[in-house]
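# Geometric and topological summary
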Amino acid sequence: MKPLQGVRIVSVEQFGAGPYATMLLADLGAEVIKIENAAIGGDPSRKTGPFMLGANDSEYYQAFNINKQSVSVDLRTDEGKATLRELAATADALLNNLRGDLPAKLGLEYKSMSDVNPKLVCVHLSAYGRNNERASWPGYDYLMQAESGLMDLTGEPDKPPARLGAPSIIDQTTGLTAAVGLLSAIVQARATGKGCDVDTCLLDVALHQLGYTATWYLNEGHVSKRQRRSAHYSVAPVQTFPTTDGWLFVMCMTDKFWNEFVGGIGRPDLLTDPRFATPTTRQANRDALTEIIDGEVGKQPTSYWLDKFNGVLPVAPVLDLAQALDNPFLKTTEMINVIAHPAKPEMRVLSNPIKINGQRLSQAPCSPFGADNAAYVGKLRSSEPAGSS
């Protein structure tokens with residue numbers, strides 16, 4: 001039994017952030033009823049290529065929608081609104097990732113739904129929030145990286161600002177944030193009998209990823225800048241170093257690791273060099289230290305250093321995407337799963353990163369567009385909300 005079995009979530013969602021939130025919850029056992037716009041043929045990501053799975057499905061879509069049921073509804077019609085209220089009456093949560101002004105217009109807020117289900121948790125995941133002058137603005141992941149300062153912190157100092165390499169990192173962190181808010185509010189609703197609205201937005205989450213660099217600026221006026229070689233802002237050596245055949249990331253976050261590292265590269269003399277005697281002096285003299293370490297690490301291939309340091313020092317090879325996904329360690333950890341999609345019987349996907357009792361969570365492809373209308377529209381499995389008992 002999965003931990004969220006018995007939890008029912010209705011989700012008006014598309015593209016990345018909302019679908020990622022509910023996919024995590026579906027993997028954990030929640031029954032996720034994905035509401036797809038009947039007027040446009042469903043979630044637009046169904047048609048996002050280049051790798052299609054038939055006429056109205058794609059690998060892009062499935063990457064965000066595993067383990068869900070698909071119901072097609074046009075929420076701008078009276079019939080569609082009635083269907084949504086019927087579904088919400090039996091749900092623990094109603095999630096949407098629409099523009100911030102749309103939940104009120106479509107009746108997705110708690111005040112509009114509480115009459116059919118007082119325990120309902122209404123989760124709103126928008127670009128900029130619902131209660132400000134940007135509520136009606138559309139917004140996407142990369143825009144948030146730009147405006148939050150994340151792009152200005154990413155890349156080499158002498159290069160243009162760059163977005164983070166992960167294709168949907170702000171969408172996914174916002175989805176994760178929404179999932180935490182949703183589960184927290186369900187716990188409260190089951191204890192009190194009263195649901196609520198839960199809000200999060202892409203820009204807030206992007207700003208939250210600034211972490212201590214934001215705290216430094218807000219309190220000290222310190223503006224962090226891009227670091228060479230993806231280096232840490234405070235600790236050295238914590239950065240990449242070139243080998244004869246690639247790059248090695250080294251993280252000497254403590255004196256213990258620093259001592260191990262200099263011994264391993266054959267430079268114990270650095271321990272008595274006053275420029276590198278303390279974390280503070282190593283950081284202050286990082287350019288000189290980088291030049292010395294480059295001269296040593298660059299003498300050997302990456303595999304040599306991994307054999308020497310793995311399990312002793314925090315190090316990692318810098319891999320390209322193919323190398324990362326072909327890594328034999330992923331077979332050991334079962335991080336890649338195979339699911340049976342009608343158009344690709346042995347479709348390989350990433351496993352959910354959560355294990356329960358040491359076991360990976362089972363996965364199945366999302367249903368075809370509107371395939372579950374017969375199961376849910378007009379004849380729900382239960383006349384009571386999932387959390388009513």
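Structural data are supplied above this passage.
This report concerns the structure included in the present document.

Take the sheet that holds strand 2 (residues 31–37) next. The strands that make up a sheet are held in pairs by hydrogen bonds between backbone atoms, and each pair lies either parallel or antiparallel. An order of 3-2-1-4-5-6 is seen for the six strands of this open sheet, with the pairing classed as parallel. Both edges of this open sheet fall to strand 3 (69–73) and strand 6 (196–201), since each of them pairs with a single strand only. Strand-to-strand twist across the sheet, computed as the mean angle between neighbouring axes with direction ignored, equals 20 degrees. Two strands pair when backbone bridges link them, and strand 2 and strand 3 are joined in this way by five bridges, in the parallel orientation. Paired with Ile35 across the strands is Val71, a residue of strand 3.

A few words now on the pattern of salt bridges. Tallied over the full model, the rule gives 21 salt bridges. Among the salt bridges present, the one from Asp273 reaches Arg275, with a minimum N-O distance of 2.8 Å. Overall, Arg275 belongs to the partly exposed group, its relative accessible area being 36%. Measuring nitrogen to oxygen at the nearest pair gives 3.1 Å for the salt bridge that ties Glu296 to Lys299.

Take the layout of surface pockets next. Approximately 1,400 Å³ is the volume attributed to the largest pocket. Around the largest pocket sit 38 residues that line it, and Ala63, Pro167, Leu325, Val349 and Leu350 are the ones nearest its centre. Looking at the lining of the largest pocket, the elements with two or more residues in it are helix 1 (17–27), helix 2 (59–62), helix 7 (169–192), helix 14 (321–325) and strand 11 (344–350). Sorting elements by how many residues they give to the lining of the largest pocket places strand 11 first, with six residues. Residue composition of the lining of the largest pocket, grouped by class: 24 nonpolar, seven polar and seven charged. Taken as a whole, the second largest pocket holds about 870 Å³ of empty space.

Moving on, we get to the packing of aromatic side chains. Here the distance between the centres and the angle between the planes together describe a pair of aromatic rings. A complete count under the given rule lists nine aromatic pairs for this structure. Judged by centre distance (4.8 Å) and plane angle (55 degrees), the rings of Tyr212 and Trp216 are tilted. Here Tyr212 and its partner Trp216 are both found in helix 9 (residues 212–220), four residues apart, which amounts to about one turn of the helix. A relative accessible area of 37% places Tyr212 in the partly exposed class. The exposure class assigned to Trp216 is partly exposed, which follows from its relative accessible area of 26%.

Now for the packing of helix 6 (residues 141–148) against helix 7. For the pair helix 6 and helix 7, interaxial distance at closest approach is 7 Å and the crossing angle is 95 degrees. When the axis of helix 6 is compared with that of helix 7, the two are roughly perpendicular. Two secondary-structure elements touch here, helix 6 through Asp141, Met144 and Gln145 and helix 7 through Ile169, Ile170 and Asp171. Residues of the contact of helix 6 with helix 7, tallied by class, amount to three nonpolar, one polar and two charged.

A few words now on helix 6. Turning to helix 6, its buried residues number three or more, namely Asp141, Met144, Gln145 and Ser148. End-on, the buried residues of helix 6 take up no more than an arc of 100 degrees, which puts them together on one face. Turning to helix 6, the residues buried within the fold contact helix 7 and helix 8 (202–208). Gly149, located one to two residues past helix 6, shows a positive phi value of around 95 degrees.

What the three strands build is an open sheet, ordered 7-8-9; its pairing is antiparallel. Looking along the sheet, the strands with just one partner apiece sit at the ends: strand 7 (238–242) and strand 9 (315–317). When the angles between neighbouring strand axes are averaged without regard to direction, this sheet yields 20 degrees. With three bridges joining them, strand 8 (residues 247–251) and strand 9 adopt antiparallel strand pairing. What sits directly across from Leu248, in strand 9, is Pro317. This element, helix 13 (residues 302–309), spans strand 8 and strand 9 of the sheet and lies at about 150 degrees to strand 9.

Another point: the pairing of strand 11. Examined bridge by bridge, strand 10 (residues 336–341) and strand 11 share five bridges and lie antiparallel to one another. Bridging from a neighbouring strand, Asn337 pairs with Val349 of strand 11. Count of turn residues in the strand 10/strand 11 antiparallel hairpin: two residues.

The next subject is the side chain of Arg46. Within the fold, Arg46 resides in the loop between strand 2 and helix 2. Relative accessible area serves as the criterion here: at 1%, Arg46 is assigned to the buried category. Ignoring anything within four residues of it in the chain, the contact list for Arg46 reads Glu36, Gly41, Met52, Asn56, Asp57, Ser58, Tyr61, Ser70, Cys366, Ser367, Pro368 and Phe369.

What follows deals with unusual backbone geometry. Along the chain, Gly49 connects to Pro50 via a cis peptide bond; the corresponding omega equals 10 degrees. Cis geometry is found at the peptide bond from Ala236 to Pro237, where omega equals -5 degrees. The residue Pro237 is located in the loop between helix 9 and strand 7 in this model. Of note in this structure, Asn67 is not a glycine but carries a positive phi near 70 degrees. In this fold, Asn67 is placed in the loop between helix 2 and strand 3. One non-glycine residue, Glu334, lies in positive phi territory at about 60 degrees. Along the chain, Glu334 turns up in the loop between helix 15 (328–333) and strand 10. Judged by relative accessible area, Glu334 falls into the partly exposed class, the value being 46%.

Here is what the cut-offs are and how they apply
Residues numbered from 1 in each chain as written. Predicted model: local features only at pLDDT ≥ 70, side-chain atom pairs only at ≥ 80, totals over all residues. Heavy atoms only, no water. Pairing = 2+ DSSP bridges. Helix = DSSP H or I, 4+ residues; strand = E, 2+ residues; numbered from the N terminus. Axes fitted to C-alpha atoms, helices over the stretch in contact; angles between N-to-C directions. Salt bridge = Lys/Arg side-chain N within 4 Å of Asp/Glu carboxyl O. Buried < 20%, exposed > 50% of the residue type's maximum accessible area, 1.4 Å probe, protein only. 1 Å grid on protein atoms, 1.4 Å probe; cavity = no way out; pocket = protein on both sides within 12 Å on 5 of 7 lines; lining within 4 Å. Points joined across faces, edges and corners; volume = space filled by probe spheres on them. Nonpolar A, V, L, I, M, F, W, Y, C, P; charged D, E, K, R; others polar. Phe/Tyr/Trp six-rings, centres within 6.5 Å; stacked < 30°, edge-to-face > 60°. Parallel < 35°, antiparallel > 145°, perpendicular 65-115°, else oblique. Contact = heavy atoms within 4.5 Å. Arc of directions from axis to C-beta.

Taken by themselves, the reported measurements are silent on function.
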